[in-house]
Amino acid sequence: MARYGMVMDMRTCVGCQACMAACSTENQTPFWSEKFRTHVEDKEQGVFPDVRRVQLPRLCMHCENTPCLSACPTGATHMDKNGIVLVNYDRCIGCYACCIACPYDARYAYDGKDVDKERELYGENVSHEMPHVDKCTFCVQRLAEKLEPACVATCPTHTRIFGDLDDSKSEVHKLARSGKAQPLNQGLGTSPKVFYIPS
């Protein structure tokens, strides 16, 4: 049993958005509605004349103390044995309580129009058969095949580092323990499993 997590090295992200394209292809996310499981925010940092652009890769933080899980009235949002926060589409009633509870704005509605468009694009080979809330799953289907999440596998600058946070030999464990990588908004008490090395 692993405890999966990710480190984002903001020193190397160039904002190419290959992660978004790979995720959309792998998980049939509704890019046509500009909804993504992962995205890269282009931020401006500093004050003129000392200004620079910073790329901030974002996705579900797969928190240990999950506000979304607590808010879900049906148990659709749950955590698997590896600490990955998932949504059971069959149990999700689309109330969006989890979306409201998520302090990282990492969830979105996969609505009826998105389901129809997915069917139009992918035919019978669809992943989303009914409206529900969607989010990053660390590509659990790929993990089951011993593959990295699609966003990690496609990143040309090794910005996304994935692995078992409890495996002392893994790069993600070493970076998270080193203090170089920190979670976003630590004061929220959610204990995210996604960490950031600042640029």
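Look up a bit, the structure's there.
All values derive from a computational prediction rather than experimental measurement. Along every chain, residues carry numbers that run from 1 in the direction the sequence is written. Totals for whole chains, interfaces and linings use every residue, but because this is a predicted model, local features are given only for residues with pLDDT of at least 70 and side-chain atom pairs only at 80 or more, for both listing and counting. Calculation of side-chain values draws on the structure's entire complement of heavy atoms; hydrogens and water are dropped beforehand.

Novice: Can you lay out the pairing of strand β3 (residues 50-58) for me, pointing to particular residues and giving the numbers?
Specialist: Any two strands with at least two DSSP bridges between them are considered paired. The secondary structure listing takes helices from DSSP runs of H or I that are at least 4 residues long and strands from runs of E that are at least 2 residues long, numbered from the N terminus. Pairing of strand β2 (residues 39-47) with β3 involves 9 bridges; the strand directions are antiparallel. Across the sheet, residue E44 finds its bridge partner in β3, namely R53. Where β2 folds back on β3, the antiparallel hairpin that results is connected by 2 residues.

Novice: Can you lay out helix α1 (residues 18-27) for me, pointing to particular residues and giving the numbers?
Specialist: Since the α-helix turns once every 3.6 residues, residues separated by three or four places project in the same direction. For α1, the full list of buried residues reads C19, M20, A22, C23, S24 and N27. Looking at the buried positions of α1, the neighbouring elements they touch are β2, α4 (112-122), α5 (140-143), α6 (150-154) and β8 (160-164). Positioned one or two residues after α1, Q28 has a phi angle of 50°, which is positive. For each residue, the accessible area found with a 1.4 Å probe, counting protein chains only, is set against the maximum for its type, and the residue is called buried under 20%, exposed over 50%, and partly exposed in between. Whether two residues are in contact is decided by their heavy atoms: any pair within 4.5 Å suffices.

Novice: Can you tell me about unusual backbone geometry, naming the residues and giving the values?
Specialist: For the bond from F48 to P49, the omega torsion is 10°, close enough to zero to count as cis. Inspection of the secondary structure puts P49 in the loop between β2 and β3. Here the phi dihedral of C139 falls at roughly 50°; this positive angle occurs in a residue that is not glycine. Secondary-structure assignment places C139 in the loop between β7 (132-134) and α5. In this structure C139 comes out as buried when scored by relative accessible area, which is 6%.

Novice: For the sheet that holds strand β9 (residues 194-197), give the residues involved together with the corresponding values.
Specialist: Read from one edge of the open sheet, 3 strands run β8-β1-β9, paired in mixed fashion. Where the open sheet ends on each side, the last strands, each with one partner, are β8 and β9. Looking at each pair of strands side by side, their axes are set apart by 20° on average, direction ignored. In this structure, strand β1 (residues 4-9) lies alongside β8, joined through 5 bridges in antiparallel fashion. Across the sheet, Y4 pairs through a bridge with D164, a residue of β8. To define axes, lines are fitted to C-alpha atoms, for helices over the stretch in contact only, and angles between the resulting N-to-C directions are given on a 0 to 180 degree scale. Sitting on the sheet, helix α7 (residues 171-178) is in contact with β1, β8 and β9, with an inclination near 100° to β8.

Novice: I'd like to hear about the nonpolar core, residue by residue, with values.
Specialist: Generally speaking, nonpolar side chains in soluble globular proteins are found buried as a group. Grouping buried Ala, Val, Leu, Ile, Met, Phe, Trp, Tyr and Cys residues that are joined through side-chain atoms within 4.5 Å yields what is termed a nonpolar core. Ranked by internal contacts, the top residues of the largest apolar core, which has 26 residues, are M6, L59, F138, V194 and Y196. Aside from chain neighbours lying at most four places away, what touches V194 is M6, M8, L59, C60, M61, F138 and P183.

Novice: A description of the side chain of T66 should follow, citing residues and the corresponding values.
Specialist: Locating T66 in the fold gives a position in the loop between β3 and α2 (67-71). Its relative accessible area of 7% is what places T66 among the buried residues. Those residues within four positions of T66 in sequence are excluded, and the remaining contacts are M79 and V85.

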